[in-house]
Amino acid sequence: KPAFKACQVTDTGGIDDKSFNATAWKGVTDAMEQLGVEGKYLESQEVADYEKNLNLFIEEKCDLIVSVGFFLTDATKIAAEANPDMKFSIVDVSYDPVVPNILGQVFDTDGAAFLAGYVAAGMTKTGKVGTFGGFPIPTVTIFMDGFTRGVLYYNEKHGTAVEVIGWDINDPNKGLFSSSFDDQDKGRELGVSLMDEGADIIMPVAGPVGLGTIAAIEERGTGLMIGVDTDWSVLYPESADIILASALKKMDTWILQQIQEKIDGTFEGGQDVGTLENGL
């Protein structure tokens, strides 16, 4: 029997974005090591590539096609509905109504971000902390929301008045965004602007854009950073001393589970939710 083939389509961040796509790909490489499957990926350079890449993997008859991220929502649904015998999983998306051959994974990341906000509020020396997102999409703003609520909860418990710059849970239109998931110059610029406003702890929710924020903090010689998706102190060990914490999404663990289920014949479409409780 030919080897099981797990095939990942990235969004435009690329396979080595040290964030979303890379964490999902680690799930595939873990399956290659632990389960002996074959793993492949195609990188999407632009939106038009989503459909093209999915179709290439459909032609290859991949056993499981993994789409990474919110921007692949529509292309994955179209591909799955046109190919009901193929199995798909998508990170950060769930469909209502359910598409029977797609398993969507969503994450209650506001739980992890809430803890990060609580810690930040306890550690700030200026009484101000900051955040910004890549784009105003639900998978980004859920982090900013959780972070802000964590700060507010700390204030409520400790009688403090720590302020969050960059996000307002009552007025999402006031949010701060880089409008990019890869422009590090923009991350540096937003980091500088937040520090100029007094923030000494910053949580960027924009993938590698946050590297620019690390650079800004290091240039200034003061301030701390909170990572998202993966453990930034492991990703960027040379900057670990300024990384206070990371709010994790264990996409790699989830994808490994999906591949195992597809091998076992127990894979079903629908929705999985990653929470603090289930360790995803």
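For clarity, every value in this text was computed on a predicted model and none was experimentally measured.

Novice: Account for the state of the cysteines, naming residues and giving values.
Specialist: Summed over all chains, the structure comprises one disulfide. Here Cys7 engages in a disulfide with Cys62; their sulfurs sit 2.1 Å apart. What sets the handedness of the Cys7 and Cys62 disulfide is the S-S torsion sign, and at about -80 degrees it is left-handed. With a gap of 55 residues between them, Cys7 in strand 1 (residues 5-9) and Cys62 in the loop between helix 2 (48-59) and strand 3 (64-68) connect regions that are remote in the sequence. Given the relative accessible area of 3%, Cys62 is considered buried.

Novice: If you had to explain the pattern of salt bridges to someone new, which residues and values would you point to?
Specialist: The tally for this structure, following the rule as stated, stands at 13 salt bridges. Notably, a salt bridge pairs Lys5 with Glu60, separated by 3.2 Å at the nearest N-O pair. Here the residue Lys5 occupies a position in strand 1, and Glu60 occupies one in the loop between helix 2 and strand 3, the gap between them amounting to 55 residues. Among the salt bridges present, the one from Lys52 reaches Asp49, with a minimum N-O distance of 3.2 Å. Placement of both Lys52 and Asp49 in helix 2 is noted, with a separation of three residues, approximately one turn of the helix. Using a relative accessible area of 7% as the deciding quantity, one classes Asp49 as buried. A network of salt bridges, in which partner residues are shared, links Lys5, Lys40 and Glu60.

Novice: Talk me through the side chain of Asn21; I want residue IDs and the actual numbers.
Specialist: Mapped onto the elements, Asn21 comes out in helix 1 (residues 20-35). Dropping the residues within four chain positions of it, Asn21 is found in contact with Gln8, Thr10, Asp11, Gly13, Gly14, Ile15 and Val68.

Novice: Could you give an account of the pairing of strand 6 (residues 128-133), naming the residues involved and the relevant values?
Specialist: Of all six residues in strand 6, five are buried, a share of seventy percent or more. In the sheet, strand 6 pairs with strand 7 (residues 163-165) via three bridges, with the strands oriented parallel. Paired with Gly130 across the strands is Ile165, a residue of strand 7. The β-α-β motif built from strand 6, the intervening helix 5 (residues 138-158) and the parallel element strand 7 has right-handed crossover chirality. In the sheet, strand 6 pairs with strand 8 (residues 201-205) via five bridges, with the strands oriented parallel. Paired with Gly130 across the bridge in strand 8 is Ile202.

Cut-off values and rules
- Residues numbered from 1 in each chain as written.
- Predicted model: local features only at pLDDT ≥ 70, side-chain atom pairs only at ≥ 80, totals over all residues.
- Heavy atoms only, no water.
- Disulfide = S-S within 2.5 Å.
- Helix = DSSP H or I, 4+ residues; strand = E, 2+ residues; numbered from the N terminus.
- Buried < 20%, exposed > 50% of the residue type's maximum accessible area, 1.4 Å probe, protein only.
- Salt bridge = Lys/Arg side-chain N within 4 Å of Asp/Glu carboxyl O.
- Contact = heavy atoms within 4.5 Å.
- Pairing = 2+ DSSP bridges.
- Right-handed = clockwise from strand over helix to strand, strands pointing away.

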